[in-house]
Amino acid sequence: MESPPKIDPELLEILRCPVAVHYTDKGDDPGHLELVKEHWLVCADSGYKYPIRNGIPVMLVDEGEKWKDTDVDSLPVPPPEA
């Protein structure tokens with residue numbers, strides 16, 4: 001099995017959930033993303049989950065919302081194509 005392209009740690013540090021970044025009740029820097037299963041970025045503040053396809057995070061609100069109710073353990077690896 002081919003290993004997924006790595007996401008740049010510096011990019012992960014600056015990326016924020018486009019929904020949660022507007023929250024005013026989540027501290028000074030809301031919307032942090034956690035790398036899950038090497039293929040997903042998950043925001044604890046919003047619950048949105050963004051796939052990483054071909055090494056590129058897909059940070060579209062509609063895409064993150066589509067996976068919001070999917071348990072982290074059930075996220076498909078690799079993510080399906082759009």
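Here the residue index of a chain counts from 1 through its sequence in written order. Thresholds applied to this predicted model are a pLDDT of at least 70 for local features of residues and 80 or more for the giving and counting of side-chain atom pairs; totals over whole chains, interfaces and linings are not thresholded and use all residues. Computation of side-chain values covers all heavy atoms of the structure but excludes hydrogens and water.

Within the element layout of this structure, K49 appears in strand β3 (residues 49-53). The side chain of K49 is buried and forms no salt bridge, while D69, the nearest opposite charge, is found at 6.8 Å. Two residues qualify as a contact provided that any one of their heavy atoms is within 4.5 Å of a heavy atom in the partner residue. Sequence-distant contacts of K49, defined by excluding residues within four places in its chain, comprise W40, L41, V42, E63, G64, W67, K68, T70, V72 and L75. A helix here means a DSSP run of H or I that spans at least four residues, while a strand means a run of E at least two residues long, and both kinds are numbered starting from the N terminus. Throughout, exposure labels follow a simple rule: accessible area from a 1.4 Å probe, protein chains only, divided by the maximum for the residue type, with under 20% read as buried, over 50% as exposed, and the rest as partly exposed. Residues scored as charged are limited to Lys and Arg (positive) and Asp and Glu (negative), so that His and the chain ends carry no count. Salt bridge criterion: a side-chain nitrogen from Lys or Arg within 4 Å of a carboxyl oxygen from Asp or Glu.

The subject of this paragraph is the sheet that holds β3. At least two DSSP bridges between two strands are needed for those strands to be called paired. Read across the open sheet, the four strands follow the order β1-β2-β3-β4; overall the sheet is antiparallel. Unpaired on one side and paired on the other, β1 (34-36) and β4 (56-57) mark the two borders of the sheet. Pairing of strand β2 (residues 40-42) with β3 involves three bridges; the strand directions are antiparallel. Along β3, the bridge assignment pairs L41 with Y50.

What follows concerns the pattern of salt bridges. Enumeration according to the criterion identifies three salt bridges in this entry. Across the salt bridge formed by D29 and R16, the nearest N and O atoms sit 2.9 Å from each other. Highlighted residues: D29 in the loop between α1 (9-14) and β1 and R16 in the loop between α1 and β1, separated in sequence by 13 residues. With a closest N to O distance of 2.7 Å, R53 and E63 form a salt bridge. On the criterion of sequence distance, the pair formed by R53 in strand β3 and E63 in helix α2 (residues 61-66) is long-range, its members being ten residues apart. For E63, a relative accessible area of 8% puts it in the buried group. Through salt bridges with shared partners, a single ionic network connects R53, E63 and K66.

Between V77 and the following residue, P78, the backbone shows a cis peptide bond with an omega angle of -5 degrees. Among the secondary structure elements, P78 is positioned in the segment after α2. With a phi close to 60 degrees, E38 is a non-glycine residue in the positive phi region. With respect to the helices and strands, E38 occurs in the loop between β1 and β2.

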